[in-house]
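Structural characterization, general
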Amino acid sequence: MKCTGPCDTMPRMATPPDGDFSSLFNFLPIGAYRSAPDGRMIRANEALVRFNGHESEAALIASVGNIATEWYVDSRRREDFRSLLERDGFVRGFVSEVYRHKTRERAWVSENAHIVRGADGQVLFYEGTVEDITERVAQQRDIREQQDRMQALADQIPGMVFSLVVHHDGTRRYRYVSSGVRDLLGVLPEAFLRDPTTITRLLHPDEAPRLAAETRALLGGKAVLSGEFRVVTPEGVLKWVHNRSCEVYRDDEGIHRVGVLLDITELKRMEEALHRSEALWKMALESAGDGVWDWNLETGEEYLSDSLLSMYGYSREDVHGVAADLDERTHPDDVAGMLAARQAHFEGRTPVYRNEHRIRTRDGRWIWVLTRGTAVARDAQGRPLRLVGTHTDITEIKQAEEQQRQFEAQLRERQKMEAIGTLAGGVAHDFNNLLAAILGNLVLAREDVGPEHPAQESLSEISRAAIRARQLVQQILTFSRRDAQIMERRLLRPLMDEALRLMRTLLPAGVRLTSALDGPPLPVMADGTQLQQVLMNLCTNAWQAFEGRAGDITVALHEEAVDAARALQLGGLSPGLYACLSVADNGPGMDADTQRRVFEPFFTTKAPGAGTGLGLAVVHGIVKAHKGAIALDSAPGRGTRFDVYLPLAPEGASADEPAAVPEPARLPALEGRHLVYVDDYEALVFLVRRLLTKRGARVTTFESSQAAIDWLAGHEDEPIDLLVTDQNMPVLSGLEVARAALARRPALPVAIVSGHVSEALVTEAEALGVRAVLPKQDNMDALAQAIGALLEAADRPQLPA
């Protein structure tokens, strides 16, 4: 399109004849032209016409004067183009900014041109192409600007941004590194790019295996790498570097990756300082006997110290380094409370996480631990990220607390039983007085109506019921006492018969008690009261298991020969003959866990307040004290049976074998005798006076102990054959009446009557000189007999001491 020589000397050229490349000329997608040496346009194809804004080739040719002077935005480009053409005879890829001829819009083009000469070497014309590269130039400009921005951004990152190719043989070539390489590694970017082994030479010697492993990982297909390593700069400075890179693409050259190296030296120093600090406080805590834990809540990982693992008997191989290691070993009953305490601290409701719970050790034991911890890191929303704390073994403390609770419960039980005993003594006194009045008046009534009267049968039934009532009161007193164990040769069947009589009065409605005690009496060495308590407790446990429903309890007693195998099953008994007392029920039965714990003190399956958990523990203790054993047979839905084995006593007379029933004794005559009777119960005083008077005695009675003492003081010359006083009276007791009477009349026969005769009462009475301590009699005839015997003894001459 340009004239580069003396254009005015060249003749005009005619249009190329048909048959040349005119069709190809117009078909070209880029502009093409032929121009004369004088600058005139000879030909222009359609692409060039359109580029310049014209509608036809003729319009373009007609409007162009000198295309060379009207073309370039920068006129200096014309000279550059001309110089290249004159020097080489052609120009290729000459990029310039030009004006579109008609619109004068600017555009970027890439030109190619050459000189066409004649046979004589003269320039005939110029031919060339014009390619519109405006969009390409704009794109290249955008790319350069983007590269400049990325370079500026990379230069602001405190580290080294890089792009590299990892060749298939493992070698590396860095294609780009940011200027941060100077500060990070002490190497200029140009030097780093020239020498691909720079990073390898700067690596700390211990890190070489890491680089080799990374290369293998990359070649193996790993897309993302992240890690930390050490380098030593040319100045000898040790630095920690964090590397993170990712794969962009792969081709025949290798794996193209981009990434960044960051200086984390200061962070590593702070971490090391923190680790030293943590190590110190962990050491301090462990030296105090505590186990240390450190829980990363983001990852779930948890560090457990050696002392903590030792506390539970675990090794590093037994755990996985996660919080679930201990959570899964926490007692199921304690998990809810532990999680609640933990959540309260997570939510900021408590300043410290604190909880007591049980953890299973490697040998299957449960130990109590106190865990304390605090969140040492939280995110912007306050959620905990890291929790550290300790475990303290408090098993011994818990055991001591449990022992203290058991002791307190036992003390309360003992105090309760003592209170029951005291109450029972008082109740027995009042009941015995009432029963004595009933029985005494029965005797008098039967005498008054005569032996043939029809009322005798009814009066006999009343007498039997009253006597049975007195026996029940006596048994209540027996069970409420806590005397020392007295081992005597006793017949087991009568003892159990007596206990069952009392048990029948206590059973709730709907519970049937069946006994099979028809065999031999079976002598054993035993404390009778305690064995009765065993039966009472077993029967009580049975009917309580019915939980208000109807049911059957069966009590059986038989002799059993225990061989060596059975003795071993029963806990190491000696083989031999045993009495076997069985208590069976058809209740709900027990599962295996309940059977394992059934004899533990304070263990109960009943609702709070419905039982103490001591009944079967007491049974077990009593049976063991009697050198026996107890076996349990039960299953859910099949009922329960307890078998109590007690060794039979050697042959010999039994202390409680039934004695022959004596013939009714003749009532003594009391004519001329003077008796003084003291009791605070008016009905009994009236009855005794009437009874003894009918026997011929002169009776002086008092309903007040103080009144009796005052009378004795005022009637010192009054002859008295016998003073009988009740023990349990308000103001002054029978012992105090006896003390006052014997102080004035040392030879006076004195007897004390009590509804609750204890060893302590008998001992104190004997020390005062009291002749006898009598229980409340079942009937007035027995009282008259006892009084007669005392008078006869008093009449006999006393031997000198």
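Residues numbered from 1 in each chain as written. Predicted model: local features only at pLDDT ≥ 70, side-chain atom pairs only at ≥ 80, totals over all residues. Heavy atoms only, no water.

Our next topic: the overall build of the protein. Each helix and strand counted, the protein has 26 helices and 27 strands in total. For the protein, buried positions account for 41% of its 801 residues. Of the contacts formed within the protein by residues at least 6 apart in sequence, a portion of 59% connects residues at least 24 apart. Carbon and sulfur atoms make up 54% of the accessible area of the protein, which totals about 43,000 Å². (Helix = DSSP H or I, 4+ residues; strand = E, 2+ residues; numbered from the N terminus. Buried < 20%, exposed > 50% of the residue type's maximum accessible area, 1.4 Å probe, protein only. Contact = heavy atoms within 4.5 Å. Areas by Shrake-Rupley, 256 points an atom, 1.4 Å probe, with all protein chains shown as cover.)

Moving on, we get to the confidence of the model for the protein. Across the protein, the average pLDDT comes to 83, with 86% of residues at or above 70. Within the model, the stretch residues 1–19 combines pLDDT values under 50 with 47 contacts to residues more than four positions away or in other chains. Segment residues 657–665 is flagged for pLDDT under 50; beyond a separation of four residues in sequence, or across chains, it makes four contacts in the model. (pLDDT = per-residue confidence, 0-100.)

Here we take up the nonpolar core. One finds L492, M496, L535, L538, I553, V555 and V644 to be the most contacted residues of the largest nonpolar core, which totals 38 residues. Only α17 (492–506), β17 (511–516), β18 (523–526), α18 (528–545), β19 (551–562), β20 (576–585), α21 (615–625) and β22 (640–647) provide two or more residues apiece to this core. Grouped together as the second largest cluster of nonpolar side chains are 24 residues, L722, V724, A751 and V753 included. (Core = buried A, V, L, I, M, F, W, Y, C linked by side-chain atoms within 4.5 Å.)

This brings us to the sheet that holds strand β13 (residues 353–360). Read from one edge to the other, the open sheet built from five strands follows the order β12-β11-β15-β14-β13, with strand pairing classed as antiparallel. One side of each edge strand has no neighbouring strand; the edge strands of this open sheet are β12 (302–304) and β13. In this sheet, neighbouring strand axes are inclined to one another by 25° on average, regardless of whether the strands run parallel or antiparallel. The pairing of strand β14 (residues 366–378) with strand β15 (residues 384–393) spans nine bridges and is classified as antiparallel. Paired with L370 across the two strands is T392, which belongs to β15. Contacts from helix α14 (residues 332–346) reach β11 (291–296), β13, β14 and β15, with the element oriented near 155° to β13. (Pairing = 2+ DSSP bridges. Axes fitted to C-alpha atoms, helices over the stretch in contact; angles between N-to-C directions.)

Glancing now at a negative patch on the surface. A surface patch of like charges, here negative, comprises D430, D680, E682 and E703. On the secondary structure map, D680 appears in the loop between β23 (674–678) and α22 (682–694). By relative accessible area, which is 30% here, D680 ends up partly exposed. (Patch = residues over 30% accessible without salt bridge, like charges linked within 9 Å, V, L, I, M, F, W, Y side chains within 5 Å. Salt bridge = Lys/Arg side-chain N within 4 Å of Asp/Glu carboxyl O. Lys, Arg positive; Asp, Glu negative; His and termini not counted. Charge placed at Lys NZ, Arg CZ, Asp CG, Glu CD.)

One non-glycine residue, E547, lies in the positive phi region at around 50°. The residue E547 is located in the loop between α18 and β19 in this model. The class of E547 is exposed, set by a relative accessible area of 61%. Unlike most non-glycine residues, V731 shows phi in positive territory, near 70°. Looking at the element boundaries, V731 is found in the loop between β25 (722–726) and α24 (734–744). What makes V731 exposed here is its relative accessible area of 75%.

It is worth spelling out the packing of α17 against α18 at this point. The geometry of α17 relative to α18 is characterised by a closest axis approach of 9 Å and an angle of 40° between their N-to-C directions. Compared by their axis directions, α17 and α18 come out oblique. Note on packing geometry: the crossing formed by α17 with α18 is right-handed. Judged by residue contacts, L492, L495, M496, E498, A499, L500, L502, M503 and L506 of α17 engage G528, L531, Q532, L535, M536, C539, T540 and W543 from α18. Here the residues of the contact of α17 with α18 are counted per class, giving 13 nonpolar, three polar and one charged. (Parallel < 35°, antiparallel > 145°, perpendicular 65-115°, else oblique. Left-handed = near helix turned anticlockwise from the far one by under 90°. Nonpolar A, V, L, I, M, F, W, Y, C, P; charged D, E, K, R; others polar.)

Okay, the sheet that holds strand β6 (residues 159–167) next. Pairing within the open sheet is antiparallel, and its five strands lie in the order β7-β6-β10-β9-β8. The open sheet terminates on both sides in strands that have one partner only, identified here as β7 (172–177) and β8 (224–232). The sheet shows a mean angle of 30° between the axes of neighbouring strands, taken without regard to direction.

Moving on, we come to the packing of α18 against α21. Relative to each other, α18 and α21 sit at 145°, their axes nearing to 9 Å. Where α18 crosses over α21, the handedness of that crossing is left-handed. Of the residues in α21, those touching α18 at Q530, Q533, V534, N537, L538 and N541 are G615, L616, V618, V619 and I622. Of the residues in the contact of α18 with α21, the class split is six nonpolar, five polar and no charged.

Right, let's talk about the packing of aromatic side chains for a bit. Enumeration according to the criterion identifies nine aromatic pairs in this entry. Taking the centre distance of 6.5 Å and the plane angle of 65° together, the rings of W293 and Y353 count as edge-to-face. Taken together, the residues W293 in strand β11 and Y353 in strand β13 connect sequence positions 60 residues apart. Each member of the pair, W293 together with Y353, is buried. With 6.2 Å between their ring centres and 55° between their planes, W295 and F346 make a pair best called tilted. Of this pair, W295 sits in strand β11 while F346 sits in helix α14, and the two are 51 residues apart along the sequence. Members of the aromatic cluster, joined through ring pairs, are Y72, F81 and F94. Positioned over the ring face of W368 is K398, at 4.5 Å from the centre of the ring. (Phe/Tyr/Trp six-rings, centres within 6.5 Å; stacked < 30°, edge-to-face > 60°. Lys NZ or Arg CZ within 6 Å of the ring centre and 35° of its normal.)

This paragraph deals with helix α10 (residues 208–219). An α-helix turns once every 3.6 residues. As a result, residues three or four positions apart point the same way. Here α10 spans 17 Å end to end across 12 residues, near enough to the 16 Å set by a 1.5 Å rise per residue. Looking only at α10, the buried set comprises L211, E214, T215 and L218. Angularly, the buried residues of α10 cover 100° about the axis, an arc narrow enough to put them on a single face. Turned more than 90 degrees from where α10 packs its buried face, P209 and R216 sit exposed. In this fold, the buried residues of α10 make contact with β6, β7, α9 (198–202), β8, β9 (238–250) and β10 (254–263). A positive backbone phi angle near 110° is found at G221, which sits one or two residues after α10. (Expected span 1.5 Å × (residues − 1). Arc of directions from axis to C-beta.)

Note that T371 resides in strand β14. Here T390 takes part through its backbone oxygen, which lies 3.5 Å from a polar atom of the side chain of T371. (Polar contact = N/O pair within 3.5 Å; in protein donor to acceptor, adjacent residues only side chain to side chain.)

What follows is about the pairing of β13. Of the pairings in the sheet, the one linking β13 to β14 comprises eight bridges and is antiparallel in character. Bridging across to β14, R358 finds its partner in W368.

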